[in-house]
Amino acid sequence: GDSVTQMEGPVTLSEEAFLTINCTYTATGYPSLFWYVQYPGEGLQLLLKATKADDKGSNKGFEATYRKETTSFHLEKGSVQVSDSAVYFCALRDSGGYQKVTFGTGTKLQVIP
Amino acid sequence: AAGVIQSPRHLIKEKRETATLKCYPIPRHDTVYWYQQGPGQDPQFLISFYEKMQSDKGSIPDRFSAQQFSDYHSELNMSSLELGDSALYFCASSARRNAETQYFGPGTRLLVL
């Protein structure tokens, strides 16, 4: 079945540091890939997405590239801010007609001033 | 822009009681999904509806039931509540059954005492 594997957290970075959160996936079809962010006490917000190989999703300085050859969708940001502190979920939705979104276990990011 | 609305936002129940969670999708979205996120866990798919019919089923307990109404809002009914049902329940909606992006509501936090 479908699965998503994320690097374990928590990740602690200083403000303006470079961020990478690794994500790899297993899927039977040609999935769409997503990063969702969950701020403390809040719901899930779609951060960015990519629907086919080599697509790059980007939003708010974050970006991720859909790499079919390595089945990866790593999240990056060049300079993190304290306000980026949150839990980040990598997720996929398979193209095979199934509708559910499969999430990774989430990576908690803490940015310190 | 209008988002997914969930009510109530917080709910406290006793063991063996019942609870009803409501979800109002984004206007013109016809598909609704329910997810359960336990403490420190990733969201797990419960059930989905398309055009008022159940379209996919995940790890939803038999004690739970759900339906989608003619105005596309959905209700998740939970009976014989257990301590382990304490979680954040998300509703998501999409514009058509196979739309690659699901938009999540803020969630209902259920605490079972």
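The rules behind the values
- Residues numbered from 1 in each chain as written.
- Chains lettered and ligands numbered in written order.
- Predicted model: local features only at pLDDT ≥ 70, side-chain atom pairs only at ≥ 80, totals over all residues.
- Heavy atoms only, no water.
- Helix = DSSP H or I, 4+ residues; strand = E, 2+ residues; numbered from the N terminus.
- Rg over C-alpha atoms; globule rule 2.2 N^0.38 Å.
- Buried < 20%, exposed > 50% of the residue type's maximum accessible area, 1.4 Å probe, protein only.
- Contact = heavy atoms within 4.5 Å.
- Areas by Shrake-Rupley, 256 points an atom, 1.4 Å probe, with all protein chains shown as cover.
- Buried area = accessible area lost by both parts, 1.4 Å probe.
- Salt bridge = Lys/Arg side-chain N within 4 Å of Asp/Glu carboxyl O.
- Polar contact = N/O pair within 3.5 Å; in protein donor to acceptor, adjacent residues only side chain to side chain.
- Nonpolar A, V, L, I, M, F, W, Y, C, P; charged D, E, K, R; others polar.
- Pairing = 2+ DSSP bridges.
- Axes fitted to C-alpha atoms, helices over the stretch in contact; angles between N-to-C directions.
- Patch = residues over 30% accessible without salt bridge, like charges linked within 9 Å, V, L, I, M, F, W, Y side chains within 5 Å.
- Phe/Tyr/Trp six-rings, centres within 6.5 Å; stacked < 30°, edge-to-face > 60°.

## A look at the overall build of chain A
So, step 1. If you tally the helices and strands in chain A, you get zero helices and 12 strands.
So, step 2. Overall, chain A shows an N-to-C arrangement of helices and strands of β-β-β-β-β-β-β-β-β-β-β-β.
So, step 3. For 113 residues, the compact-globule estimate of 2.2 N^0.38 gives 13 Å, and the C-alpha radius of gyration of chain A, at 14 Å, lies within 12% of that figure.
So, step 4. With respect to the principal axes defined by its C-alpha atoms, chain A has extents near 45 × 30 × 20 Å.
So, step 5. Put simply, chain A has 113 residues, and 44% of those count as buried.
So, step 6. For chain A, the share of sequence-separated contacts (at least 6 apart) that also reach a separation of at least 24 residues comes to 57%.
So, step 7. Carbon and sulfur atoms provide 48% of the accessible area of chain A, an area that totals close to 5,300 Å².

## Considerations on the interface of chain B and chain A
So, step 1. Opposite the 23 residues of chain B that make contact, chain A presents 19 residues.
So, step 2. For the pairing of chain B and chain A, the buried interface totals around 1,700 Å² over both sides, and the portion due to carbon and sulfur atoms is 50%.
So, step 3. Three residues stand out in chain B for area buried against chain A, namely Asp42(B), Glu100(B) and Phe104(B), and they jointly supply 31% of the buried area on that side.
So, step 4. Scanning the region where chain B abuts chain A turns up zero salt bridges.
So, step 5. Linking chain B with chain A are four residue pairs in polar contact (both at pLDDT 80 or more).
So, step 6. A breakdown of the residues in the side of chain B that touches chain A according to their chemical character gives 10 nonpolar, nine polar and four charged.

## Some details on the sheet that holds strand β8 (residues 62-65) of chain A
Hydrogen bonds between backbone groups are what pair the strands of a sheet, and the pairing can be parallel or antiparallel.
All names here are of chain A.
So, step 1. The strand order across the open sheet formed by four strands is β3-β9-β8-β7, and the pairing between neighbours is antiparallel. Sheet topology places β3 (19-21) and β7 (56-59) at the edges, where each strand pairs with a single neighbour. Averaged over neighbouring strand pairs, the angle between their axes works out to 15 degrees when direction is ignored.
So, step 2. As paired elements, β7 and β8 share four bridges and run antiparallel to each other. Bridge pairing in β8 links glycine 57 to alanine 64.

## Points about the pairing of strand β1 (residues 3-6) of chain A
Successive residues of a regular strand alternate their side chains across the two faces of the sheet.
Residues and elements named next belong to chain A.
So, step 1. The side-chain alternation of β1 yields one buried face, formed by Val4 and Gln6, and one unburied face, formed by Ser3 and Thr5.
So, step 2. Inspection of the sheet shows β1 paired to strand β4 (residues 23-26) by four bridges, in the antiparallel sense. Residue valine 4 lies in a different strand from β4, and its bridge partner there is tyrosine 25.

## Considerations on a nonpolar patch on the surface
So, step 1. Residues Ile12(B), Leu111(B) and Leu113(B) make up a contiguous nonpolar surface patch of roughly 290 Å² in combined accessible area.
So, step 2. Within the secondary structure, Leu113(B) is located in the segment after β11 (108-112).

## As for the pattern of salt bridges
So, step 1. Across all of its chains, the model carries seven salt bridges over all chains by this definition.
So, step 2. Between Asp84(A) and Lys77(A) there is a salt bridge whose closest N-O contact spans 2.7 Å. Of the two residues examined, Asp84(A) and Lys77(A), each falls in the buried class.
So, step 3. Between Lys52(B) and Glu51(B) there is a salt bridge, and its shortest N-O distance comes to 3.4 Å.
So, step 4. Overall, the relative accessible area of 31% leaves Glu51(B) in the partly exposed class.

## Overview of the packing of aromatic side chains
So, step 1. Applying the stated criterion across every chain, the model contains 12 aromatic pairs over all chains.
So, step 2. Seen from their ring centres, Phe34(A) and Tyr36(A) are 6.0 Å apart, and the 35 degrees between their planes marks the pair as tilted.
So, step 3. Given a relative accessible area of 0%, Phe34(A) falls into the buried group.
So, step 4. Note on Tyr36(A): relative accessible area 0%, which makes it buried.
So, step 5. Summarising the aromatic geometry, the rings of Phe103(A) and Tyr35(B) are spaced 5.9 Å apart at their centres and angled 90 degrees between planes, so their arrangement reads as edge-to-face. Pair noted here: Phe103(A) is in strand β11 (residues 102-103) and Tyr35(B) is in strand β4 (residues 31-37), and the two residues belong to different chains.
So, step 6. Note on Tyr35(B): relative accessible area 0%, which makes it buried.

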